[in-house]
Amino acid sequence: ENATINFYGRANYARRYVYSGYLSGNYTRLSRFNNLTAQEGKQVRWTVNGYHTHTFSPTFRLTANGSYQSDKTFYQEYSTNLDERLNRVVRSQVSFSKRFGSYSISGNVTHDDDLDRRIRTDQIPSLTFSQVRVYPFGSGRVGDDGVLKRRFYNNLVATYTPSLLGYSTRNVIDTVVGPDSVSVSHRKKYLRVNHSANMTMPLTVAKYFTFSPSVNYSEAWYRIFRTDLSETAEIDPTQTYRAYAYSFGASLNTKLYGTMAPNILGVRAFRQTLQPSI
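Draft legend 1. Inspection of the overall build of the protein chain at higher detail. If you tally the helices and strands in the protein chain, you get three helices and 17 strands. Relative to the globule expectation of 19 Å for 278 residues, the C-alpha radius of gyration of the protein chain, 30 Å, shows a markedly less compact shape. Partitioning the contacts of the protein chain with sequence separation of at least 6, the portion at a separation of at least 24 is 48%. Of the roughly 19700 Å² of accessible surface on the protein chain, 56% is carried by carbon and sulfur atoms. Averaged over its 34 positive side-chain charges, the protein chain has a centre that lies 14 Å from the centre of its 20 negative ones.

Draft legend 2. Quick peek at the environment of Thr169. Among the structural elements, Thr169 can be located in strand E11 (residues 157–177). Judged by relative accessible area, which is 13%, Thr169 ranks as buried. Between the C-alpha atom of Thr169 and that of Val205, which follows or precedes it by 36 residues, the distance is 52 Å. Contacts of Thr169, omitting those with residues within four sequence positions, involve Ile119, Arg120, Thr121, His186, Arg187 and Lys188. At a separation of 3.4 Å, a polar atom in the side chain of Thr169 contacts the side chain of Thr121.

Draft legend 3. The side chain of Glu219, seen in detail. One can find Glu219 in strand E14 (residues 209–224). Separated by 3.1 Å, the side chains of Glu219 and Arg242 make a polar contact.

Draft legend 4. Quick look at a nonpolar patch on the surface. A cluster of nonpolar side chains, namely Ile5, Phe7, Leu23, Tyr27, Val44, Trp46, Val48 and Tyr68, defines an oily patch on the protein surface of about 790 Å² accessible area. Among the secondary structure elements, those contributing two or more residues to the nonpolar patch are strand E1 (2–15), strand E2 (19–34) and strand E3 (39–57). In terms of residue count, E3 provides more of the nonpolar patch than any other element does, three residues in total.

Draft legend 5. Molecular detail of the packing of aromatic side chains. Summed over the entire model, instances satisfying the criterion amount to 12 aromatic pairs. Joined through ring pairs, the aromatic side chains of Tyr217, Tyr244, Tyr246 and Phe248 make up one cluster. Looking at Arg10, its charged tip hangs above the ring of Tyr22, at a distance of 3.9 Å from the centre. Above the ring of Phe225, the side-chain terminus of Lys189 is found at 5.3 Å from the ring centroid.

Criteria and thresholds
Residues numbered from 1 in each chain as written. Predicted model: local features only at pLDDT ≥ 70, side-chain atom pairs only at ≥ 80, totals over all residues. Heavy atoms only, no water. Helix = DSSP H or I, 4+ residues; strand = E, 2+ residues; numbered from the N terminus. Rg over C-alpha atoms; globule rule 2.2 N^0.38 Å. Contact = heavy atoms within 4.5 Å. Areas by Shrake-Rupley, 256 points an atom, 1.4 Å probe, with all protein chains shown as cover. Lys, Arg positive; Asp, Glu negative; His and termini not counted. Charge placed at Lys NZ, Arg CZ, Asp CG, Glu CD. Buried < 20%, exposed > 50% of the residue type's maximum accessible area, 1.4 Å probe, protein only. Polar contact = N/O pair within 3.5 Å; in protein donor to acceptor, adjacent residues only side chain to side chain. Patch = residues over 30% accessible without salt bridge, like charges linked within 9 Å, V, L, I, M, F, W, Y side chains within 5 Å. Salt bridge = Lys/Arg side-chain N within 4 Å of Asp/Glu carboxyl O. Phe/Tyr/Trp six-rings, centres within 6.5 Å; stacked < 30°, edge-to-face > 60°. Lys NZ or Arg CZ within 6 Å of the ring centre and 35° of its normal.

See below:
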């Protein structure tokens, strides 16, 4: 004989223009009585979910959400929500964004728990800086008539975007050794710094065409920490590894405009815009 008692609760809170969020959870107690042995077994299962958003200032905002549960089959057995029953990856995350004048930084700390594959993945932290735009030869000069004067070299623009990622994952695999099953944990952990740079200079050719040559370069620095997987791959944890890629390209495009005036069924005219490019 089985008896199940489930309690569910949710609390919402808010302060206008500053913060808001909620906290919810389940508490389930399952009792099983074995008629053959006349013994009673008890099992406690639970879930906790929360969300919070906070605006510290017009330039600084933080958002956090979390989801935890006692075991991987709780929602499959008790929830009537299809999305909850099908979701097999439980995520907890804290995100923020901060603006400094015309630039900004955003980031998050993320923990993912794959319930079926028994893989836990952490991104601590993941940071992205806003794109830095530079005009090496200036953006032009204002003439005596107050109009901005530009030469062809003023069209050269360079952009740079840096980012940072701290990544770790743990995968638990059950291995059969003789008559027993043994759980083996494999780990991967590294720190990566990304650099992405681009240079382009759009030029007007024959008045109606725009020719845009470009150069792209990206580079990543890796610091790989000592784990069982890095030792198997014979990776030196004291070294900094580097990967890079570059490309060159160019495009040519223009715009063509046209108008048709059929005067049919109340339609007086059609206007078309074509943008062919190579």
